[in-house]
Amino acid sequence: MPASNGKLRVAILGSGNIGTDLLIKVQRSPVLDCTLFIGRNLNSRGMAKAASLGVKVSDRSIDAIARDPDCCDLVFDATSALDHAYHWPILRNLGKLAIDMTPSRIGSMCFPAINLDDCLNHRNINLVTCGGQASVPLAHAISSVHPELTYVEVVSSIASRSAGPATRLNIDEYVETTSHALSTFTNAPRTKAILILNPAEPSINMQTTVFALIAKPHMDALTAAVRDTVRAIQAYVPGYELLVPPTWEDGKLVTTVKVRGRGDYLPRYAGNLDIITSAGVAVAEAFARQGRREPGHA
Amino acid sequence: MPDVLISDPTLRDGNHAVRHTLSEKQISTYAAAAEAAGVPILEVGHGNGLGASSLQVGLCSLNDAALLDAARAPLRNTRLGVHVMPGFATIGNELTLAIEHGVQVFRVACHCTEADITQRHVSFLREKGADVYGALMMSHMADAATLVEEGYKMQQYGVNGVILYDSAGAMLPDEVRTKIAALTRGLGVQVGLHAHNNLGMSVANSVAALEAGATILDGTARGFGAGAGNTQLEVLVAVLHKLGHDTGIDLYKLLDLADLAEREIIPAVPTISGDSIASGLAGVFSGFAKHVKRVAAEYGVDSRDVWFELGRRHAVAGQEDQIIEVALQLAAAAGKSNGEQ
């Protein structure tokens, strides 16, 4: 049931970089309202931020929702892949919608620029990885022009300062989940994902390159498809920018994007944070608008 | 009793120089001769290690399993080693495969400020009973205190030793001495150096490391490696023997091994080209050499400008995609200035 102000009520589980950045974006949304911000430690930076925004906080983790199921309609899970496996059955039994920000591979994979409408038929939406959000829509555009492509690879470089402890510990999950999403959305027989952390000061912007092996590339059609996808992503991530348009180099297709964030919680270089939180908010807003069209559905 | 542990990554770093096309026959031939010479550890793989075959770094003509099997077959006393970088190689894929294929020694590598991404890989390998060394790459880019801090994390994760990689061949002996001495003072595990030869310093740097307390040194036959290549193994061992150190290696057989490598696997013995000097001065990973040369020619820009621009951006190992972007930018800037003339 929507809140009295007509907004969809969301709880954010996880008070790290992703959870806190989500909070700022949710509170800016005309159709979402964060009714509970949940972590494990009331003294964390994220909790302090939530309190400063006047948002109700809890340090009871998933229990906060289990004990007060009416607190929200939708839950963002910004904890870890392992934790989401524990949280989802509880949320499902409580009838909550879930948007999972971890590389758990449990829910339906969602890239708003590709399959937002389809996702609204599912109860658990997985946002894959930051590098996946930056690259899979481009790879999907490339495969729509060349479904016969034989290989797709993506490389993301992110600033060391933007990679929190969970990201670092989950680097294998990042690689495997991103690669899995590439396979699913391109049908390429082989895929690969690579993540590079760069400690340069000042911090580098997130940069993502997509490579593809294609026998006879139609460069004009590829360029048009990639540019369309870039525009579609810019609708929810304004700092997403084509740096190297589709280029044929040494027998392979190469295209590179740069992602700057809005500077909500981390500085603007942390485009990797923004691209996944912005995608999450785009999905939540779509649920909210769907709920308005079909009262009671959400 | 050897007092210096020599590790030979000819069949790994050398793969950079031939765009990762070493064949099974070349690998097994070299491995057999390394065994005969008493080389303690032989590293094999794609230039950036297992799981790094990619369009970003270069596709490998053999898969990881084939590379490992070719090297493993002739080995008895020489232990088989690999290089793995989290972000490329995962526990579920490459590490498990390597254990299954008889790899005994692992270098778990990361950029020198990012040791915490190696934690799970190191723990997994230690549980499997492998020897694990932490590799801090591009170690010219961090100061001694930072390197100690990062090395200490690796020590906590359980490594047997920490190796500084001068991946750009950018360091001079004083810098090596300072950094290695800080590590040997600050850590309770063995310390080593993996040197590149961009500024002609690799043997001198290896000796400086030894004097500062290092006990592990890397070298490759004829210096076979990316760009200017690595420390020349047969020179290094000869110098160590002259200094009175024991490596456990038979020098004559090692000299034969290097001759065999030149005959069988090295199409061009590394020389210090202008590009390699630019790479060393700019502090950019030598592994970029083939890519920089090719891309600079394609876009009609000066390869040395590419190296220095990459250095200005603090590019790290694995960021080969930056080369194309930099070349496009330099070409656009050149086009613009030509237009104005």
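Residues numbered from 1 in each chain as written. Chains lettered and ligands numbered in written order. Predicted model: local features only at pLDDT ≥ 70, side-chain atom pairs only at ≥ 80, totals over all residues.

## A closer look at the domain arrangement of chain B
All names here are of chain B.
- Partitioning chain B into structural domains gives domain 1 (5-264) and domain 2 (274-340).
- A C-alpha centroid distance of 26 Å is found between domain 1 and domain 2.
- Contacts between the two partners involve 22 residues from domain 1 and, on the opposite side, 17 residues from domain 2.
- Residues that form the side of domain 1 that touches domain 2 fall into these classes: nine nonpolar, 12 polar and one charged. (Domains from an automatic or database assignment. Contact = placed C-beta atoms within 7 Å. Nonpolar A, V, L, I, M, F, W, Y, C, P; charged D, E, K, R; others polar.)

## Regarding the interface of chain B and chain A
- The partner chain A presents 28 residues to the 27 residues of chain B that form the contact.
- Of all the elements in the fold, those that place two or more residues in the side of chain B that touches chain A are helix H4 (91-100), helix H5 (119-127), helix H12 (289-299) and helix H14 (321-340) of chain B.
- Per-element tally for the side of chain B that touches chain A: the top contributor is H14 of chain B, with four residues.
- Across the side of chain B that touches chain A, the residue classes tally to eight nonpolar, 11 polar and eight charged. (Helix = DSSP H or I, 4+ residues; strand = E, 2+ residues; numbered from the N terminus.)

## Comments concerning the packing of helix H6 (residues 144-157) of chain B against helix H7 (residues 173-186) of chain B
Residue and element names in this part refer to chain B.
- Relative orientation of the contacting elements H6 and H7 amounts to 40 degrees, with a least axis distance of 9 Å. Taken together, the axes of H6 and H7 lie oblique to each other. Along this stretch, H6 crosses H7, giving a crossing that reads as right-handed. Contact residues: H6 offers Ala144, Leu147, Val148, Gly151 and Tyr152, while H7 offers Thr178, Lys179, Ala182, Leu183 and Gly186. (Axes fitted to C-alpha atoms, helices over the stretch in contact; angles between N-to-C directions. Parallel < 35°, antiparallel > 145°, perpendicular 65-115°, else oblique. Left-handed = near helix turned anticlockwise from the far one by under 90°.)

## Brief notes about the packing of helix H2 (residues 24-37) of chain B against helix H3 (residues 64-72) of chain B
All names here are of chain B.
- Here H2 crosses H3 at 35 degrees, and the two axes come no closer than 7 Å. The hand of the H2/H3 crossing is right-handed. Along the contact surface, H2 presents Glu24, Ile27, Ser28 and Ala31, while H3 presents Ala66, Leu67, Ala70 and Ala71.
- Of the residues assigned to the contact of H2 with H3, the class counts are six nonpolar, one polar and one charged.

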